[in-house]
Amino acid sequence: MVMQRHQLTCAGIAFVLYLHHLVGTIEVPLDSNIQSELPQPPTITKQSVKDYIVDPRDDIFIECEAKGNPVPTFSWTRNGKFFNVAKDPKVSMRRRSGTLVIDFHSGGRPEDYEGEYQCFARNDYGTALSSKIHLQVSKSPLWPKEKVDVIEVDEGAPLSLQCNPPPGLPSPVIFWMSSSMEPIHQDKRVSQGQNGDLYFSNVMLQDAQTDYSCNARFHFTHTIQQKNPYTLKVKTKKPHNETSLRNHTGMYSARGITETTPSFMYPYGTSSSQMVLRGVDLLLECIASGVPAPDIMWYKKGGELPAGKTKLENFNKALRISNVSEEDSGEYFCLASNKMGSIRHTILVRVKAAPYWLDEPQNLILAPGEDGRLVCRANGNPKPVIQWLVNGEPIEASPPNPSREVAGDTIVFRDTQIGSSAVYQCNASNEHGYLLANAFVSVLDVPPRILAPRNQLIKVIQNNRTRLDCPFFGSPIPTLRWFKNGQGNTLDGGNYKAHENGSLEMNMARKEDQGIYTCVATNILGKAEAQVRLEVKDPTRIVRGPEDQVVKRGSMPRLHCRVKHDPTLKLTVTWLKDEAPLYIGNRMKKEDDGLTIFGVAEKDQGDYTCVASTELDKDLAKAYLTVLAIPANRSRELPKERPDRPRDLELTDLAERSVRLTWIPGDDNNSPITDYIVQFEEDRFQPGMWHNHSRYPGSVNSAVLSLSPYVNYQFRVIAVNDVGSSLPSAPSERYQTNGARPEINPTGVQGAGTQKNNMEITWTPLNATQAYGPNLRYIVRWRRRDIRGSWYNETVKTARHVVWNTPIYVPYEIKVQAENDFGRAPEPDTFIGYSGEDLPSSPRYLRIRQPNLESINLEWDHPEHPNGVLTGYSLRYQAFNGSKTGRTLVENFSPNQTRFTLQRTDPISRYRFFLRARTQVGEGETLVEESPALLNEVTPTPAYTKNQVDIATQGWFIGLMCAIALLVLILLIVCFIKRSRGGKYPVRDNKDEHLNPEDKNVEDGSFDYSDEDNKPLPNSQTSLDGTIKQQESDDSLVDYGEGGEGQFNEDGSFIGQYTVKKDKEETEGNESSEATSPVNAIYSLA
């Protein structure tokens, strides 16, 4: 039993070793010199996509590029047949490339070149193939003409408007708009399906307020085609009522619409199925009708929706699963529900797969006599069929090769020989697609070559890890060995470890490891060698470092730093203070073994670090220096003053965007320096003006300054202590930085109108350190805030540009981009501005209500044309009673206030109101209204437009009123005269009319004039101002003058044709009453 197990183990080991031998192929290094010398079969490096759609307006480029040695030649097939490029003058091939160029400048139809193209790249060692490229020309067909009838639908019923766009290539993007190009508002009740149709879960009356047009946008031509619009006629049980539309809870019942359970509009029925390919996005859709509009929820049977891959779209009516895999197959169902009930639809999802790689074949480089294999493993649903080709021909039809054996998805090569190089193609295909991969087999016979530089020198610090590199190449794969100082023993094991890539690693370099190392690469064709010299250096060590010290101000402390290092290495000792480089000024002295500070001050307190370094290593030591302040009684004796100015400014470490500035501090004058202010001046934009650049603590006397391009800098330094600031130092020398394109754009971009027909665009310009180059200018772009608006641009050098001839108060998109002679700044942000404002139109209406005798309620609406931002309303009003008017009062309101209650001062007077809206330009047109004339009138008076005329201001009305007043006055005078003569006068002598015997005022043929004469005439009532107002009688002065022929004579009296009228009335039976007319009274008393 043990023996059997042992035999099985040996067989397994042998198989593994065989596979390893097959896999252990040669890799060609990336060195261009090596690759240019070695023969190599072709390899396709670039090709067009399989499904290639081109723009018919452009030339066609079908890409195919390949590499190889010798350089490959190219040929093409079209629809499986050889495509002779030389015979077609419109077709050419790029030099040293297989890319086809089809030129239509001289005419031609791109459709004539549609088809399936395949590229062949050949050289002496094989043929590589591109994928089959299906070339199609983009198409944007016109919408077929059709007559669209008016669609009648009951309110609350479902509706779908079909789009049926013309079949474009690629498929167009569908969207719905009105014929006036206004987008259709979509929500869970109204939405567009994935097929382009527009679905209404239930139709409402307001849906008939617009028409509906399906639009198709084509990608390549950037054109939009519009279908004839649908017009809806909604039949409703109740008229339109805004209140019911706003009250959603009772909206349907208020409209008389029956609430219904959901029903699916798409897909139909209770179940459906959908097939999707692996790796693409799956889109499931459920659109339901119902009143109210249903809500949609999604579920997967037997589990959760795929985590991290799902997204709900179109108001939850669509479920998108990205990058579908086989695990996403199964049953999904959507649940549509409203308060009346719910329904569900089940969708069976089946996931198929076009072929995809499990093991894509790789290039194989073998030496003569070696074994190898190509593996082509692909999966799919259904499982793909594997077909092998060699140099573009089916492998079954190729010449027999005894060293090659095809076993399904694997080709095994045994004992390959020179001349067996070829390019093999693996085609994995099923009904959903195919994969094509090229892999060449190259049999090389190359002697060993060392790729590393010769006579390398490696330095290493003692006891550190190190590595000696010796990259190599050869075919067959050479064996590499390391030797030291010409000794014959191979270095591997112990302190040495040899790697397969040719490197020799030492875990710990010792002094005895110094010497010359030789790497030797050998194969059957020869050998190559290279030498590497290793030097082991002593480490750098600080043998006496600085120590913590406490010193008095003004003393001279010394910080030690004694270093031991390898004498063959260059030593550098630097000092840090508080982790920043220490400037060694005139108060400090740096020596070989330490640092001395003369006249130490409080500012010198801090951490000091000595850093000793060589090219291979470094060491450091740290100490803290404490400086004691002067006692208080002594400090009062020393006056404190502002510090002296810094001096001896020096610029070092000059770089493109930075420079180091170093200075010597001045005396602090008994008050420690707390800060240094670095200022700069430039001589292009603001010469002679100094700007603050940066600020540093008082312990620093050297700083790296960040610089901007295209600035001619000059620096100065100011010291600061508790007393104040020093005088500025003398300026440094100038340093000019190179130019560059701007990195930022102007800020504070605004657009506002200064006149009603313009828009002024302003911004904050770039300063001297932001310009970055000469000839700074600004590219100003603007367009109306509309997707159809075109961009306009203007280049200016100032920070202002005015756009003229703009409509009144419309929004604009604005961009301002900086540019200099080196280029443009990044794409700027978009800002919104508005063109100029104008006076607003009058408010839409002014409603006046009198709920009681004490107050008047006013209500108005905003202007139809605000022409800007409303800043408020101005209301002027005055009381009037007849011809008497009160003083004008003014009320101002905010733009959001549209109501006002006026407390009346008396219940008799009426009010006249003048209402105007206001923008920042001023007050607009006036809307004039008057309060009702009746005390008991509480219903709202109708709103009058600004074009109505006040009759009380007309001349003819004023003249008529004056005549009536004169006649009444004459009547009163005559009455008083007659009354003074006895109160009775004969009536029969003055009037040819028989008195009514039943009249109570008739006694003995005379008329008794009593106080009743002062009563109002019949059928009249008193108005608010006490005048007599006729209400119901149709009699008028015009009636007594035979239809308007009555006139006023020169003295203002009325000349009528009363006698004619009276005779006529007597003939007709004495039907009219004379007592109601003041003219009759005058004639009777005359």
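Sequence order as written defines residue numbering, which begins from 1 separately in each chain. Residues qualify for local features only when their pLDDT is at least 70, as the model is predicted, and side-chain atom pairs are given and counted only at 80 or more; totals for whole chains, interfaces and linings, by contrast, use all residues. Remark: hydrogens and water are excluded; side-chain values derive from all non-hydrogen atoms of the structure.

Peer 1: Just checking my understanding: could you explain the side chain of glutamine 878 for this structure?
Peer 2: Numbered from the N terminus, helices here are DSSP runs of H or I no shorter than four residues, and strands are runs of E no shorter than two. For glutamine 878, the location among the structural elements is in strand S74 (residues 872–881). With a 1.4 Å probe rolled over the protein chains alone, any residue whose accessible area is under 20% of its type maximum counts as buried; one over 50% counts as exposed, and the rest are partly exposed. Among the residues examined, glutamine 878 registers a relative accessible area of 14% and is labelled buried. Counting of polar contacts relies on pairs of N or O atoms within 3.5 Å, with two restrictions inside protein: one atom must be capable of donating a hydrogen and the other of accepting it, and residues adjacent in sequence are counted only when both atoms are side-chain atoms. A polar contact of 3.2 Å, which involves the side chain of glutamine 878, links it to the backbone oxygen of glycine 886. Not counting residues up to four positions away in its chain, the partners in contact with glutamine 878 are Thr885, Gly886, Arg887, Thr888, Arg910, Tyr911, Arg912 and Phe914. In this description, contact between two residues means that some pair of their heavy atoms is separated by no more than 4.5 Å.

Peer 1: What's the story with the sheet that holds strand S15 (residues 190–192) in this structure? I'm lost.
Peer 2: Paired through their backbone hydrogen bonds, the strands of a sheet run either parallel or antiparallel. Here we have three strands laid out as an open sheet, ordered S13-S16-S15, and antiparallel in their pairing. Each end of this open sheet is capped by a strand with a single partner; those strands are strand S13 (159–161) and S15. In this sheet, neighbouring strand axes are inclined to one another by 20° on average, regardless of whether the strands run parallel or antiparallel. Whether two strands pair comes down to DSSP finding at least two bridges between them. To get an axis, a line is fitted to the C-alpha atoms, and for a helix only the part in contact is used. The angle between two axes follows their N-to-C directions and goes from 0 to 180 degrees.

Peer 1: Help me understand the environment of glutamine 118 in this model?
Peer 2: Mapped onto the elements, glutamine 118 comes out in strand S9 (residues 115–123). For glutamine 118 and cysteine 64, which are 54 residues apart along the polypeptide, the C-alpha to C-alpha distance reads 9.0 Å. Apart from residues lying up to four places away in sequence, glutamine 118 is in contact with Ser75, Trp76, Thr77, Leu129, Ser130, Ser131, Lys132 and Leu436. Reaching out from glutamine 118, the side chain makes a polar contact with the backbone oxygen of serine 130 at a distance of 2.9 Å.

Peer 1: In this structure, what is going on with the environment of isoleucine 257? I would like to understand it.
Peer 2: Tracing the backbone shows isoleucine 257 in the loop between helix H4 (251–255) and strand S20 (260–266). Linking isoleucine 257 and lysine 238, residues 19 residues apart in sequence, is a C-alpha distance of 9.2 Å. What isoleucine 257 contacts, discounting residues up to four positions off in sequence, is Glu155, Gly156, Met204, Tyr252 and Val291.

Peer 1: Even after reading the chapter, I still don't get unusual backbone geometry, so can you show me in this structure?
Peer 2: Backbone phi values are negative for most residues with the exception of glycine, while trans is the configuration of most peptide bonds. Between asparagine 69 and the following residue, proline 70, the backbone shows a cis peptide bond with an omega angle of 10°. Along the chain, the position of proline 70 falls in the loop between strand S4 (64–69) and strand S5 (73–78). Looking along the chain, the bond that leaves asparagine 381 and enters proline 382 is cis, with omega of 5°. Within the secondary structure layout, proline 382 lies in the loop between strand S31 (377–381) and strand S32 (385–390). Phi at glutamate 579 is positive, roughly 70°, even though this residue is not glycine. Examined against the element boundaries, glutamate 579 turns out to sit in the loop between strand S51 (572–577) and strand S52 (580–581). With relative accessibility at 52%, the residue glutamate 579 sits in the exposed group. At tyrosine 710, a position not held by glycine, the phi torsion is positive, near 55°. Topologically, tyrosine 710 is positioned in the loop between strand S61 (702–706) and strand S62 (712–721).

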